[in-house]
Amino acid sequence: MLPRPPRDCCGPRPLMQAVREATTHWPSSAVHFEDFGTSAHPEHEDGEKPFAVRLALSGITIEVPPGVSIMEALRRRGVNVPSSCESGTCGTCRTTLLAGLADHRDFVLDEDEQP
């Protein structure tokens, strides 16, 4: 018997979150999530706090206020950031985390890939 191909899910963030929750008992590779820009400004949980990002090569530290993405905060400071979808799904802006903990608000990494 051939393995089943992954199922695709695309649409607004609430729909994709509902599908993710409904398929938690499936292997993470069984569903592929794709957002075509419909979730560029996702809703944030209450209590979100500002944080700082330090860029390793330049040493610049940038404050990221609640409701603002790291990419948006970097661009406000004139830092050019490669991107494509601007909704956290394509992975173009993916970078290496050198220290701290990431709060993933994207659909690029599956749950088992997130720290």
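Here's a quick rundown of the structure.

A word on the overall build of the chain
For step 1, the next point in the chain: Counting secondary structure elements, the chain contains 2 helices and 4 strands.
For step 2, the next point in the chain: Overall, the chain shows an N-to-C arrangement of helices and strands of β-α-β-β-β-α.
For step 3, the next point in the chain: Sorting the 115 residues of the chain into buried and exposed places 23% on the buried side.
For step 4, the next point in the chain: The contacts in the chain between residues at least 6 apart in sequence include a share of 35% that link residues at least 24 apart.
For step 5, the next point in the chain: For the chain, the computed accessible surface area is about 8600 Å², with 55% contributed by carbon and sulfur atoms.

What to know about the pairing of strand β3 (residues 51-54)
For step 1, the next point in the chain: As paired elements, β3 and strand β4 (residues 61-64) share 4 bridges and run antiparallel to each other. Within the sheet, the bridge partner assigned to Val 53 lies in β4 and is Ile 62.
For step 2, the next point in the chain: With antiparallel pairing between neighbouring strands as the criterion, β3 and β4 make up a hairpin whose turn holds 6 residues, including Gly 59 at a positive phi of roughly 80 degrees.

Some remarks on the nonpolar core
For step 1, the next point in the chain: With 9 residues, the main nonpolar core is built from Val 53, Leu 55, Ile 62, Val 64, Val 68, Met 71, Ala 73, Leu 74 and Val 81.
For step 2, the next point in the chain: If you list the elements that add at least two residues to this core, you get β4 and α2 (70-76).
For step 3, the next point in the chain: Here this core gets 3 residues from one element, more than from any other, and that element is α2.
For step 4, the next point in the chain: For Ile 62, the contacting residues outside a window of four places in its chain are Phe 51, Ala 52, Val 53, Leu 55, Ala 73, Leu 74, Arg 77 and Val 79.

A few points about helix α1 (residues 13-22)
For step 1, the next point in the chain: Within α1 the residues assigned to the buried category are Arg 13, Met 16 and Arg 20. What you see down the axis of α1 is that its buried residues fit within an arc of 65 degrees, all on one side. Seen from the buried face of α1, the exposed residues on the opposite side, beyond 90 degrees, are Pro 14, Glu 21 and Ala 22.

Calculation notes
Residues numbered from 1 in each chain as written. Predicted model: local features only at pLDDT ≥ 70, side-chain atom pairs only at ≥ 80, totals over all residues. Heavy atoms only, no water. Helix = DSSP H or I, 4+ residues; strand = E, 2+ residues; numbered from the N terminus. Buried < 20%, exposed > 50% of the residue type's maximum accessible area, 1.4 Å probe, protein only. Contact = heavy atoms within 4.5 Å. Areas by Shrake-Rupley, 256 points an atom, 1.4 Å probe, with all protein chains shown as cover. Pairing = 2+ DSSP bridges. Core = buried A, V, L, I, M, F, W, Y, C linked by side-chain atoms within 4.5 Å. Arc of directions from axis to C-beta.

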